[in-house]
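Each chain is listed here by its residues.
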Amino acid sequence: MALLEIRNVSRRFGDFAAVDNISLSIEAGEFFTLLGPSGCGKTTLLRMIAGFDLPDSGQILLDGVDLVGSPPEHRPVCTVFQNYALFPHMTVAANIAFPLKMAKVPAEQIRTRVEEALEDVRLTGFAARFPHELSGGQRQRVAVARALVSRPKLLLLDEPLSALDAKLREQMQIELINLQKEVDITFVYVTHDQGEALALSHRIAVMNRGNVEQLDEPSRIYSYPRTRFVADFIGTCNLLDGAIASIDGAAMQLDVPGLGLVKSAVPANAAVGLKGTLALRPEKIHISAEISTDNAENHFKGFVKELLYLGDVTVYIVQTEGGTTIEALLANSAAGRAKFFEVGDMVDIAWQFDAGHFLYE
């Protein structure tokens, strides 16, 4: 049996369905992420798990016990908030000890458990400091320690890294992965950051308009999106709309307006005439001044319409002869070369027939 089960949970605010009949299961020891844009329902769902909000219908089962109706303080669940919610007038140790004091845990046990929590988050020696004396990453770790000190079955994290700068956020992602492994507590993590979700999670539930569009491992969500929304929301993706023109064994041809015939792998239930979208990641596309037609199953000519230099890679927006724009990535790996092409340069782009993933309308 799963540790946490969400069964047909809905939450409405007037005519707006923030969470619309969602069902999902989360296993013990899992790092599970609720991912989606603002307003998709992910934070509302997290608040209902925590007990800060109540569902209009459905069940929230933890170890088989329905939590609906149980107040937050009676649930074996702790939450790390976006702003950390530390008490500024308390030391690090006092902040961590606060939930134990509220639970009337004996003082000697509190000291021992606070020391263990500080060790878990690698803040031994910081007990006497105040929040204003800590960095953003250290405050985040104090908030996690305060949540862990109660030894919850479930730790909920509501966009805890959103206030950090990019480099510190990356460091904290690694720390969260290691911490979750060490303490072996189930994490349910809310974020709108696709890269963060892909880096941290065992599984991701991609949410949109109160529904789960796809629930899967990060690599499968990225490589095999089930809907156009998921393909477009997770990372960057070329979306080529077209109809199946022919099928030949494991390959088929799509008639893409403004581009022409595109060879693709055959999906399940394919039939000539069916319409859909080929989701094609930029890193799957080869771009060069000239590409031999013998080495590519899809080959088109165009010019560089725009480019975006990102240091390690450059993003090239190529407009083909038919007017379709295709985004391609090229690693800046050659010594002394900042970028390979300039705006206006003529280029060839190519990709293998199985590089994309076909989605039905």
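Cut-offs applied
- Residues numbered from 1 in each chain as written.
- Predicted model: local features only at pLDDT ≥ 70, side-chain atom pairs only at ≥ 80, totals over all residues.
- Heavy atoms only, no water.
- UniProt positions renumbered as here; feature names shortened; annotations may be inferred.
- Helix = DSSP H or I, 4+ residues; strand = E, 2+ residues; numbered from the N terminus.
- Pairing = 2+ DSSP bridges.
- Axes fitted to C-alpha atoms, helices over the stretch in contact; angles between N-to-C directions.
- Contact = heavy atoms within 4.5 Å.
- Core = buried A, V, L, I, M, F, W, Y, C linked by side-chain atoms within 4.5 Å.
- Buried < 20%, exposed > 50% of the residue type's maximum accessible area, 1.4 Å probe, protein only.
- Phe/Tyr/Trp six-rings, centres within 6.5 Å; stacked < 30°, edge-to-face > 60°.
- Lys NZ or Arg CZ within 6 Å of the ring centre and 35° of its normal.
- 1 Å grid on protein atoms, 1.4 Å probe; cavity = no way out; pocket = protein on both sides within 12 Å on 5 of 7 lines; lining within 4 Å.
- Points joined across faces, edges and corners; volume = space filled by probe spheres on them.
- Nonpolar A, V, L, I, M, F, W, Y, C, P; charged D, E, K, R; others polar.
- Domains from an automatic or database assignment.

- Taking an unreviewed UniProt entry as the reference, the chain is identified by name as Spermidine/putrescine import ATP-binding protein PotA belonging to Collimonas arenae.
- UniProt, in the comment section headed Function (unreviewed entry), describes the chain in these words: "Part of the ABC transporter complex PotABCD involved in spermidine/putrescine import. Responsible for energy coupling to the transport system."
- We quote the UniProt Catalytic activity (unreviewed entry) comment for the chain here in full: "ATP + H2O + polyamine-[polyamine-binding protein]Side 1 = ADP + phosphate + polyamineSide 2 + [polyamine-binding protein]Side 1."

## Section: the UniProt feature "domain: ABC transporter" (unreviewed entry) in the chain
Next, step 1: Here, UniProt's "domain: ABC transporter" (unreviewed entry) annotation points to residues 4-234.
Next, step 2: This span, residues 4-234, is 36% helix and 26% strand, and a straight line between its end C-alpha atoms measures 25 Å.

## A few points about the sheet that holds strand E7 (residues 154-158)
Next, step 1: Spatially, the 6 strands line up as an open sheet ordered E6-E7-E8-E3-E9-E10, and their pairing is mixed. A strand with exactly one partner marks an edge of an open sheet, and here the two such strands are strand E6 (77-80) and strand E10 (211-216). Sheet twist, expressed as the average angle between the axes of neighbouring strands with direction ignored, equals 20 degrees.
Next, step 2: Pairing between E6 and E7: 4 bridges, direction parallel. What sits directly across from Val-80, in E7, is Leu-157.
Next, step 3: Relative to the sheet, helix H1 (residues 42-50) contacts strand E3 (31-35), E6, E7, strand E8 (186-191) and strand E9 (203-208), its axis offset from that of E7 by approximately 145 degrees.

## Some words on the environment of Val-313
Next, step 1: Tracing the backbone shows Val-313 in strand E17 (residues 313-320).
Next, step 2: Separated by 19 residues in sequence, Val-313 and Asn-332 have C-alpha atoms that sit 5.1 Å apart.
Next, step 3: Discounting residues that sit within four places of it in the chain, Val-313 has contacts with Leu-308, Leu-329, Leu-330, Ala-331 and Asn-332.

## A few points about the nonpolar core
Next, step 1: Ile-96, Leu-155 and Phe-187 are the most contacted members of the largest nonpolar core, which has 38 residues in total.
Next, step 2: Looking at this core, the elements with two or more residues in it are E6, helix H2 (92-102), helix H3 (107-120), helix H4 (136-148), E7, helix H5 (166-183) and E8.
Next, step 3: The leading source of residues in this core is H4, at 6 residues.
Next, step 4: Other than its neighbours up to four places away in sequence, Leu-155 contacts Cys-78, Val-80, Val-144, Ala-147, Leu-148, Ile-185, Thr-186, Phe-187 and Val-188.
Next, step 5: Core analysis: the second largest hydrophobic core is formed by 26 residues, Val-19, Phe-32, Ile-60 and Ala-205 among them.

## Looking at the packing of aromatic side chains
Next, step 1: Counting across every chain of the model gives 8 aromatic pairs.
Next, step 2: Consider the rings of Phe-31 and Phe-187, whose centres lie 5.3 Å apart with planes at 55 degrees: the pair is tilted. Remark: Phe-187 occurs in strand E8 and Phe-31 occurs in strand E3; sequence separation between them is 156 residues. Like Phe-31, the residue Phe-187 is buried in the burial classification.
Next, step 3: Each ring, one from Tyr-316 and one from Phe-341, has its centre 5.6 Å from the other, and the planes form 75 degrees; the classification is edge-to-face. Separated by 25 residues along the polypeptide, Tyr-316 in strand E17 and Phe-341 in the loop between strand E18 (325-331) and strand E19 (346-351) bring together distant segments of the chain.
Next, step 4: Clustering of aromatic rings is evident, with ring pairs tying together Phe-31, Phe-187 and Tyr-189.
Next, step 5: Across the ring face of Phe-13, the terminal group of Arg-11 is positioned such that the distance to the ring centre comes to 4.3 Å.
Next, step 6: When the ring centre of Phe-353 is taken as origin, the NZ or CZ atom of Lys-263, which lies over that ring, is 5.8 Å away.

## Regarding empty space enclosed by the protein
Next, step 1: Taken as a whole and judged by the stated rule, the model has 1 cavity of 30 Å³ or more.
Next, step 2: Of the residues forming the lining of the largest cavity, the biggest block, 4 residues, is contributed by H5.

## So, the layout of surface pockets
Next, step 1: Taken as a whole, the largest pocket encloses approximately 610 Å³ of empty space.
Next, step 2: Together, 22 residues line the largest pocket, and Val-77, Cys-78, Thr-79, Pro-99 and Ser-150 are the ones closest to its centre.
Next, step 3: When residues of the lining of the largest pocket are traced back to their parent elements, those giving at least two are E6, H2 and H4.
Next, step 4: Broken down by element, the lining of the largest pocket gets its largest block of residues, 4 residues, from H2.
Next, step 5: Split into classes, the residues belonging to the lining of the largest pocket amount to 16 nonpolar, 2 polar and 4 charged.
Next, step 6: Taken as a whole, the second largest pocket spans an internal volume of roughly 250 Å³.
Next, step 7: Forming the walls of the second largest pocket are 17 residues, and the residues nearest its centre are Ser-223, Tyr-224, Ala-355, Gly-356 and His-357.
Next, step 8: By residue class, the composition of the lining of the second largest pocket is 10 nonpolar, 3 polar and 4 charged.
Next, step 9: Of the residues that make up the lining of the second largest pocket, three or more belong to each of domain 1 (2-232) and domain 2 (236-360).

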